[in-house]
Amino acid sequence: VQLVESGGGTVQPGGSLRLSCAGSGFAFSSYIMSWYRQAPGKERELVATITSAGDLRNYGDSVKGRFTISRENAKNTVYLQMNSLKPEDTAVYYCNAFRRVNYWGQGTQVTVSS
C-alpha cells in the first residue's frame, strides 16, 4: 500500500497550491479519503474528508470556504485545492485512506510566508 503526496511548497499569503495524493495497492475507490495537517508543536488536525463516491465532503472550520477536496477514482488520486492561503496554514499535509484500517502518506510540506 502506498499513498504519495505531491504539490507542496512555499507560497506567499493569499496564494494557492494544489496538493495531490496518488494511492496504490488497495481498492482506492472504496476508501474514504482525507487530508490532515500537522504544524510544529501542534497535534495533527483534520483538514478535509471526501466519501468514496465523492458525493459528500467535510472541512475543518479553519479552512472552510478556502480549501476544496476532490477525487478521481479512475486515477486513484485525491486532491486538495488550497486558496487564500494564510501563514497559519503552514504545516506538513498528510493524505489518509480509511476503510476499517488507516493508511497514511509520508506528508508534504506547505509553507505560507512572505
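Model, not experiment: these values are computed from the prediction.

Observations regarding the side chain of Asp-89
Part 1 of the argument: You can see Asp-89 is positioned in the loop between strand E8 (77-82) and strand E9 (91-99).
Part 2 of the argument: Of the residues examined, Asp-89 reaches a relative accessible area of 0% and is grouped as buried.
Part 3 of the argument: In terms of polar contacts, Asp-89 uses its side chain to reach the side chain of Arg-37, at 2.9 Å.
Part 4 of the argument: If near-sequence neighbours (up to four positions away) are discounted, Asp-89 is found in contact with Arg-37, Arg-66, Phe-67, Ser-84, Val-110 and Val-112.

Looking at the state of the cysteines
Part 1 of the argument: What the rule picks out here adds up to 1 disulfide.
Part 2 of the argument: Shown here is the disulfide that connects Cys-21 with Cys-95, its sulfur atoms set 2.1 Å apart. On the S-S bond that ties Cys-21 to Cys-95, the torsion sits near -85 degrees, and the link is left-handed. Of this pair, Cys-21 sits in strand E3 (residues 17-24) while Cys-95 sits in strand E9, and the two are 74 residues apart along the sequence.
Part 3 of the argument: Judged by its relative accessible area of 0%, Cys-21 falls in the buried class.
Part 4 of the argument: For Cys-95, a relative accessible area of 0% translates into the label buried.

Observations regarding the sheet that holds strand E1 (residues 2-6)
Pairing between the strands of a sheet comes from backbone hydrogen bonds, and it takes one of two forms, parallel or antiparallel.
Part 1 of the argument: The strand order across the open sheet formed by 4 strands is E1-E3-E8-E7, and the pairing between neighbours is antiparallel. Of all strands in the sheet, those bounded by a partner on one side alone are E1 and strand E7 (67-72). Direction aside, neighbouring strands of the sheet carry axes that sit 15 degrees apart on average.

So, how was this worked out
Residues numbered from 1 in each chain as written. Predicted model: local features only at pLDDT ≥ 70, side-chain atom pairs only at ≥ 80, totals over all residues. Heavy atoms only, no water. Helix = DSSP H or I, 4+ residues; strand = E, 2+ residues; numbered from the N terminus. Buried < 20%, exposed > 50% of the residue type's maximum accessible area, 1.4 Å probe, protein only. Polar contact = N/O pair within 3.5 Å; in protein donor to acceptor, adjacent residues only side chain to side chain. Contact = heavy atoms within 4.5 Å. Disulfide = S-S within 2.5 Å. Pairing = 2+ DSSP bridges. Axes fitted to C-alpha atoms, helices over the stretch in contact; angles between N-to-C directions.

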